[in-house]
Amino acid sequence: MNLPENLKYTKEHEWVRVEGDVAVVGITDFAQGELGDIVFVEIETVGETLAMGETFGTVEAVKTVSDLFMPVGGEVLELNPALEDSPELINKDAYGDGWMIKVKMDDASQLNDLMDAAAYKAMLEA
Amino acid sequence: MKTTAFNQLHKNAGGKMVEFAGYEMPVEFSGIKDEHMTVRNGVGVFDVSHMGEFWVKGPHAADLVQYVTSNDISVLTPGQAQYSCFPNGHGGIVDDLLVYCFSPEKYLLVVNAANIEKDWNWVVSQNKFGAELENASDQISQLAIQGPKALPVLRKLTDVELTKIRYYTFVTGKFGGFDDVIISATGYTGSGGFELYFPNELADQIYQAIFEAGAEFDIKPIGLGARDTLRLEMGFCLYGNDIDDTTSPIEAGLGWITKFNGNNNFIDKALLHMQKNEGVSRKLRGFEMIDRGIPRHGYELADEAGNTIGVVTSGTQSPMLNKGIGMGYVAIAWSAIGTEVYVKVRNKLLKAKIVKIPFVSPQ
């Protein structure tokens, strides 16, 4: 299972990569595998400030619709523009080209509430 | 949970298993889009053994089948199959089904997995004719080999002249070395191919033979996910989504399998005939998204102001068209081809338009 050590993880299968006070957010390789072919990503919260755990968008696979949750609170700065025409990037490269949003974190200490790779792996295997 | 005779083979092939109609079934293998395009352009194999099979036999077999189904079986000759439905006595539909005519005294009814028990009880309860009934659902395996390359694959495994089996006809013959396999030119994909029926004991050997014969054509196993997207691109109804006990065949656009001629006396004939003559208040229609979005079962259909005009019964992203498509019941005033309607997706109104089905025309 592909679980990069340098990321933080949520129970809802988002990942976070910290770049200064900005959090880059996507969904995990496990999540994309469970969803199957992703065909549509809808994120209309750019410019909004959302709390940790609030919904920032939805991802649709052929058969299912899933909400996307803020792993940390803050302002949604931008979304990955490539996902509009190529949502399959999430299937192909969940931690790289398939990133979803960048968030200006309100409170970086919230990162402490997230899981590291080992804890996330343990949750998946539980 | 019940399993089909192919259960371990699906797991060996990497199938993602889910519960469907009480059976553990594969929802996908290589991915729904890949499987979908495999069937449209090549050949894929579906395990549809969860479906139910009832034999109706004896001198009164035809009377019972004619009475419980909406279509007219008097036109069937041995070797023909027919799409039909069971009207429920109140203008709704118990199930949709295929009727196979083996002889005027022997028919096979193939019904949906989720409805086997309900259908069986219904048919038994309507058997005032004394037809012989046998529920063979747990003994019969069924594979659907679908796609433009199905013919060259299956040809390698039988001497039966497959090109002579016209659409909606069937032959019982030797296949893969086994006698009495039912080879039917039917399917639920719109891409051509065959459905095979045989005893569970042959499941392993027939499956292996098909995949060996199909290797040169890149044959792949296909799950329930692509089965749904393939049928929806064709506008084929799915029981439980598009039709059910509360929808009439006339509303559902199944007037073509509801025959009111003198030969056909069936449950709800008078009621459905009245609906056909006087018109219905809603119609099942196909629609394509104009705005970006994917319709889903249960979403509301609305007018521009947001007033409800109907409901989505099936929806997906079409792998062939790369846009959202769906079917749903709409009020008659909104049912004309080309009419703009709106789909309520997460409290937004997304524009769509009523289109003719099928949505696609596979080769």
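Residues numbered from 1 in each chain as written. Chains lettered and ligands numbered in written order. Predicted model: local features only at pLDDT ≥ 70, side-chain atom pairs only at ≥ 80, totals over all residues. Heavy atoms only, no water.

Trainee: Would you take a moment to explain the packing of aromatic side chains for this structure?
Mentor: Residue and element names in this part refer to chain B. Inspection of the entire model under this criterion finds 15 aromatic pairs over all chains. Relative to Tyr-197, the ring of Tyr-100 has its centre 5.4 Å away and its plane inclined at 80 degrees; by these criteria the two rings are edge-to-face. Placement of the pair is Tyr-100 in strand β6 (residues 93–103) and Tyr-197 in strand β12 (residues 193–199), with a sequence separation of 97 residues. Here Tyr-100 falls in the buried class, since its relative accessible area comes to 0%. Residue classification places Tyr-197 among the buried residues on the basis of a relative accessible area of 3%. Between Phe-260 and Phe-266, the aromatic rings sit 6.1 Å apart at their centres with planes inclined by 35 degrees, giving tilted as the arrangement. (Phe/Tyr/Trp six-rings, centres within 6.5 Å; stacked < 30°, edge-to-face > 60°. Helix = DSSP H or I, 4+ residues; strand = E, 2+ residues; numbered from the N terminus. Buried < 20%, exposed > 50% of the residue type's maximum accessible area, 1.4 Å probe, protein only.)

Trainee: I'm lost on the UniProt feature "domain: Lipoyl-binding" (unreviewed entry) in chain A in this one. Help?
Mentor: Per the UniProt record, the feature "domain: Lipoyl-binding" (unreviewed entry) sits at residues 22–104 of chain A. Structurally, residues 22–104 of chain A comprises 13% helix and 42% strand, and the distance from its first C-alpha atom to its last is 5 Å. (UniProt positions renumbered as here; feature names shortened; annotations may be inferred.)

Trainee: Looking at this model, I keep getting lost on the side chain of Gln-110 of chain A. Mind explaining?
Mentor: Residues and elements named next belong to chain A. Looking at the element boundaries, Gln-110 is found in the loop between β9 (101–105) and α3 (117–125). Within the local environment of Gln-110, its side chain forms a polar contact with the backbone nitrogen of Gly-73, the two atoms lying 2.7 Å apart. Contact partners of Gln-110, with chain neighbours within four places excluded, come to Met-52, Val-72 and Gly-73. (Polar contact = N/O pair within 3.5 Å; in protein donor to acceptor, adjacent residues only side chain to side chain. Contact = heavy atoms within 4.5 Å.)

Trainee: Explanation requested: the pattern of salt bridges in the structure shown.
Mentor: When the charged atoms of two side chains lie near each other, side chains of opposite charge can form a pair. Residue and element names in this part refer to chain B. Under the definition given, this model contains 24 salt bridges over all chains. The salt bridge partner of Asp-34 is Lys-220, with a shortest N-O separation of 2.7 Å. Taken together, the residues Asp-34 in helix α2 (residues 32–41) and Lys-220 in strand β13 (residues 220–222) connect sequence positions 186 residues apart. Assessed through its relative accessible area of 33%, Asp-34 is described here as partly exposed. The exposure class of Lys-220 is partly exposed, given its relative accessible area of 26%. Of the charged contacts in the structure, one is a salt bridge between Glu-288 and Lys-323, with a shortest N-O distance of 2.9 Å. One end of the pair, Glu-288, is in strand β14 (residues 282–289); the other, Lys-323, is in strand β17 (residues 323–331), with 35 residues separating them in the sequence. (Salt bridge = Lys/Arg side-chain N within 4 Å of Asp/Glu carboxyl O.)

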